[in-house]
Amino acid sequence: DTEVTQTPKHLVMGMTNKKSLKCEQHMGHRAMYWYKQKAKKPPELMFVYSYEKLSINESVPSRFSPECPNSSLLNLHLHALQPEDSALYLCASSQADRTQQYFGPGTRLTVT
Amino acid sequence: AQSVTQLDSHVSVSEGTPVLLRCNYSSSYSPSLFWYVQHPNKGLQLLLKYTSAATLVKGINGFEAEFKKSETSFHLTKPSAHMSDAAEYFCVVNPMEYGNKLVFGAGTILRVKS
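Here goes a summary of the coordinates provided. (Residues numbered from 1 in each chain as written. Chains lettered and ligands numbered in written order. Predicted model: local features only at pLDDT ≥ 70, side-chain atom pairs only at ≥ 80, totals over all residues. Heavy atoms only, no water.)

### Considerations on the overall build of chain A
For chain A, the helix and strand inventory stands at 0 helices and 11 strands. Starting at the N terminus and walking to the C terminus, you meet the elements of chain A as β-β-β-β-β-β-β-β-β-β-β. For chain A, whose C-alpha radius of gyration is 13 Å, the value lies close to the compact-globule estimate of 13 Å for 112 residues. Considered along the principal axes of its C-alpha atoms, chain A spans approximately 40 × 25 × 20 Å. The buried share of chain A, taken over its 112 residues, is 48%. Nonlocal contacts in chain A, meaning residues at least 24 apart in sequence, comprise 54% of its contacts between residues at least 6 apart. About 5,500 Å² of surface is accessible on chain A, with carbon and sulfur atoms providing 48% of the total. (Helix = DSSP H or I, 4+ residues; strand = E, 2+ residues; numbered from the N terminus. Rg over C-alpha atoms; globule rule 2.2 N^0.38 Å. Buried < 20%, exposed > 50% of the residue type's maximum accessible area, 1.4 Å probe, protein only. Contact = heavy atoms within 4.5 Å. Areas by Shrake-Rupley, 256 points an atom, 1.4 Å probe, with all protein chains shown as cover.)

Pasting the structure below:
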């Protein structure tokens, strides 16, 4: 199984809502990532978890809160988002000691 | 600082003709290099990777790329374009300096005309 799954595929939320994005992989990877991708731009790294510990936070606003409950799961909790946070949110995973990242299909988020 | 430059933001080819997508990088160390493809509203799929083995790398769907250290280039080619190749392509570097932090090029949108 070389697949990273993400749910939901699409999400529409208001600025006062709280929602969560979920990412799952069963490849035994010990590093997991969240990226944000705006239209016609490359993905931008948000967070990196290595061995279930947050290792990189790219100065992301606190309205985005990552969580890694176990080595297979990665969540992104969303609260009080702004319309400019509308984007495709991609999850990826990799072996901790290798460089290839496997990407999920993404969650298309719209903030109204 | 590490950087990746994709020299063309858009490339248009006719079906059955060769594809060339150009990428130059800068890196202080011996990097790993990748090409990813992204179809509309989809995630990124790895086409191929260079990790200091053979300089000519073969990938999926008939794509290949050649690592040229002297030119700091990693251009992507395919002998004959197919309509299904129409997508956005990202050249990506892992400088191997800290963590597994990828550096993305700006992307090249490939259009294939029938």
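Having seen it, we continue.
### Thoughts on unusual backbone geometry
For the bond running from Thr7(A) to Pro8(A), omega is -5 degrees, close enough to zero to count as cis. Of note in the backbone geometry, Ala80(A) takes a positive phi value of approximately 55 degrees without being a glycine. Structurally, Ala80(A) can be placed in the loop between strand E8 (73-79) and strand E9 (87-94). Positive phi outside glycine occurs at Thr72(B), with the angle close to 45 degrees. Using a relative accessible area of 30% as the deciding quantity, one classes Thr72(B) as partly exposed.

### Section: empty space enclosed by the protein
All names here are of chain A. For the structure on display, the rule yields 1 cavity of 30 Å³ or more. Taken together, His29, Arg30, Ala31, Met32, Tyr49, Ser50, Tyr51, Glu52, Cys68 and Ser71 make up the full set of residues lining the largest cavity. The residue makeup of the lining of the largest cavity, split by class, is 5 nonpolar, 3 polar and 2 charged. (1 Å grid on protein atoms, 1.4 Å probe; cavity = no way out; pocket = protein on both sides within 12 Å on 5 of 7 lines; lining within 4 Å. Points joined across faces, edges and corners; volume = space filled by probe spheres on them. Nonpolar A, V, L, I, M, F, W, Y, C, P; charged D, E, K, R; others polar.)

### Thoughts on the pattern of salt bridges
All names here are of chain A. Summed over all chains, the structure comprises 8 salt bridges over all chains. The partner of Arg63 in a salt bridge is Asp85, and the shortest N-O contact between them spans 2.8 Å. Of this pair, Arg63 sits in the loop between strand E6 (53-57) and strand E7 (64-70) while Asp85 sits in the loop between E8 and E9, and the two are 22 residues apart along the sequence. With relative accessibility at 23%, the residue Arg63 sits in the partly exposed group. We classify Asp85 as buried; its relative accessible area is 2%. Through salt bridges that share partners, Lys36, Arg63 and Asp85 make up one connected network. (Salt bridge = Lys/Arg side-chain N within 4 Å of Asp/Glu carboxyl O.)

### Looking at the pairing of strand E8 (residues 64-68) of chain B
All names here are of chain B. A one-sided burial pattern is seen for E8, the buried positions being Ala65 and Phe67 and the unburied ones Glu64, Glu66 and Lys68. Taken together, the 3 bridges between strand E7 (residues 56-58) and E8 define a ladder with antiparallel strand orientation. Bridge pairing links Leu56 to Glu66 in E8. As defined by bridge partners, E8 adjoins strand E9 (residues 73-78) across 5 bridges and the pair is classed as antiparallel. Note that in E9 the partner of Glu64 across the bridge is Thr77. (Pairing = 2+ DSSP bridges.)

### Here's the deal with the packing of aromatic side chains
Aromatic ring pairs are defined here through the distance separating the ring centres and the angle between the ring planes. All chains considered together, the criterion is met by 11 aromatic pairs over all chains. An angle of 80 degrees between the planes, with centres 5.9 Å apart, marks the rings of Tyr35(A) and Phe104(B) as edge-to-face. Placement of the pair is Tyr35(A) in strand E4 (residues 31-37) and Phe104(B) in strand E11 (residues 103-104), with the two residues belonging to separate chains. One exposure class covers both Tyr35(A) and Phe104(B), and it is buried. Put simply, the rings of Tyr33(A), Tyr35(A), Phe103(A), Phe34(B), Tyr36(B), Phe90(B) and Phe104(B) touch in pairs and so form one group of aromatic residues. (Phe/Tyr/Trp six-rings, centres within 6.5 Å; stacked < 30°, edge-to-face > 60°.)

### Thoughts on the sheet that holds strand E3 (residues 18-25) of chain A
Residues and elements named next belong to chain A. Spatially, 4 strands are ordered E1-E3-E8-E7 in an open sheet, and the strand pairing comes out antiparallel. What marks the edges here is a single partner per strand, and that holds for strand E1 (4-7) and E7. On average, each strand axis in the sheet is tilted by 20 degrees relative to the strand beside it, whichever way the strands run. Pairing of E1 with E3 involves 4 bridges; the strand directions are antiparallel. Paired with Thr5 across the bridge in E3 is Glu24. (Axes fitted to C-alpha atoms, helices over the stretch in contact; angles between N-to-C directions.)

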